[in-house]
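These are the residues of each chain, in order.
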Amino acid sequence: MYFYLMDILRIAILEFCRQRSKSSFCPSEVVRRLYPESWRHFLPDVRAKALEMYRNGEILITQNNEPIDPNVEPKGPIRISKL
């Protein structure tokens with residue numbers, strides 16, 4: 001089930017990037033849409049998937065409008081955007 005969830009999250013992140021091609025978004029927006037009743041439970045999963053996708057060159061992750069270091073787990077709020 002974990003791999004299935006991660007595939008869903010990847011697809012959802014890419015869809016948000018498509019929809020918001022000109023702006024960034026918070027990872028919580030993705031899980032709020034998918035799991036509105038228990039989104040907080042899935043927030044670590046969407047952040048992990050986003051970081052994996054960033055390391056693979058699929059998306060951009062920023063903090064304070066600057067790309068994060070891909071080798072360090074980000075602390076605090078992050079934003080996801082299309083490359």
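On a predicted model such as this, the values are computed, not experimentally measured, just so you know.

Engineer: When you look at unusual backbone geometry in this model, what are you seeing that I'm missing?
Structural biologist: Note on backbone geometry: most residues besides glycine have negative phi, and most peptide bonds are trans. In this structure, N64 takes a positive phi of about 55° despite not being glycine. When you line up the elements, N64 lands in the loop between β1 (60-63) and β2 (66-67). Positive phi, close to 65°, is recorded for N65, a residue that is not glycine. Of note, N65 is situated in the loop between β1 and β2.

Engineer: What should I look at first to understand the sheet that holds strand β3 (residues 79-81) in this one?
Structural biologist: Hydrogen bonds between backbone groups are what pair the strands of a sheet, and the pairing can be parallel or antiparallel. As summarised here, the arrangement of the 3 strands in space is β2-β1-β3, forming an open sheet in which the pairing is antiparallel. The two strands at the open ends of the sheet, each matched to only one other strand, are β2 and β3. Sheet contacts for helix α3 (residues 39-55): β1, β2 and β3; angle to β1, the most-contacted strand, approximately 115°.

Engineer: Help me understand the packing of aromatic side chains in this model?
Structural biologist: Describing an aromatic ring pair means giving the distance of the ring centres and the angle of the ring planes. Taken as a whole, this structure holds 2 aromatic pairs when the rule is applied. Plain terms: the ring middles of F16 and F25 are 5.1 Å apart, the flat faces sit at 40° to each other, and that makes the pair tilted. Classification of F25 by relative accessible area gives buried; the value is 0%. Sitting over the face of the ring of W39, R32 holds its NZ or CZ atom 3.8 Å from the ring centroid.

Engineer: Whenever I open this one, the nonpolar core confuses me. Can you help?
Structural biologist: Note on soluble globular proteins: their nonpolar side chains tend to be buried together. With 21 residues, the main nonpolar core has I13, F25, V30, I59, I61 and I80 as its most contacted residues. Among the elements of the structure, α1 (2-19), α2 (27-34) and α3 are those that each provide at least two residues to this core.

Engineer: Looking at this structure, I do not really get the pattern of salt bridges. What am I missing?
Structural biologist: Taken as a whole, this structure holds 4 salt bridges when the rule is applied. Between E58 and R10 there is a salt bridge; the shortest N-O distance is 2.6 Å. Note that E58 is positioned in the loop between α3 and β1 and R10 in helix α1, a separation of 48 residues in sequence. Accessibility expressed as a relative area gives 26% for E58, which makes it partly exposed.

Engineer: Would you mind showing me how to read the pairing of β1 here?
Structural biologist: Each regular strand displays side chains that alternate between the two surfaces of the sheet. Pairing geometry for β1 and β3, over 3 bridges, is antiparallel. The residue of β3 that forms the bridge with T62 is R79. Looking at chain direction, β1 and β2 are connected through 2 bridges and run antiparallel. Bridging from a neighbouring strand, Q63 pairs with E66 of β2. Between β1 and β2, which pair antiparallel and follow one another directly, the connecting turn spans 2 residues, one of which, N64, has a positive phi of 55°.

Reading the values: rules and limits
- In this convention, every chain numbers its residues from 1, walking through the sequence in written order.
- Totals for whole chains, interfaces and linings use all residues, but because this is a predicted model, local features are given only for residues with pLDDT of at least 70 and pairs of side-chain atoms are given and counted only at 80 or more.
- Hydrogens and water are ignored here; the side-chain numbers use all heavy atoms of the structure.
- Strands are runs of DSSP state E lasting at least 2 residues, helices are runs of H or I lasting at least 4, and numbering of each runs from the N terminus.
- Two strands pair under a simple rule: DSSP has to find at least two bridges between them.
- For this analysis, residues touch if any pair of their heavy atoms sits within 4.5 Å.
- In this analysis, axes come from line fits to C-alpha atoms, helices being fitted only over the stretch in contact, and the angle between any two N-to-C directions falls in the range 0 to 180 degrees.
- Pairing of aromatic side chains here covers Phe, Tyr and the six-membered ring of Trp, requires ring centres within 6.5 Å, and sorts the geometry by plane angle: under 30 degrees stacked, over 60 edge-to-face, intermediate tilted.
- Each residue's exposure class comes from its accessible area (1.4 Å probe, protein chains only) as a fraction of the maximum for that residue type: buried when under 20%, exposed when over 50%, partly exposed otherwise.
- Throughout this description, the term charge over a ring refers to an Arg CZ or Lys NZ atom that lies within 6 Å of the ring centre and within 35 degrees of the ring normal.
- Here, nonpolar core means buried Ala, Val, Leu, Ile, Met, Phe, Trp, Tyr and Cys residues that are tied together by side-chain atoms lying within 4.5 Å of each other.
- Salt bridges, as used here, are contacts in which a Lys or Arg side-chain nitrogen is within 4 Å of a carboxyl oxygen on Asp or Glu.

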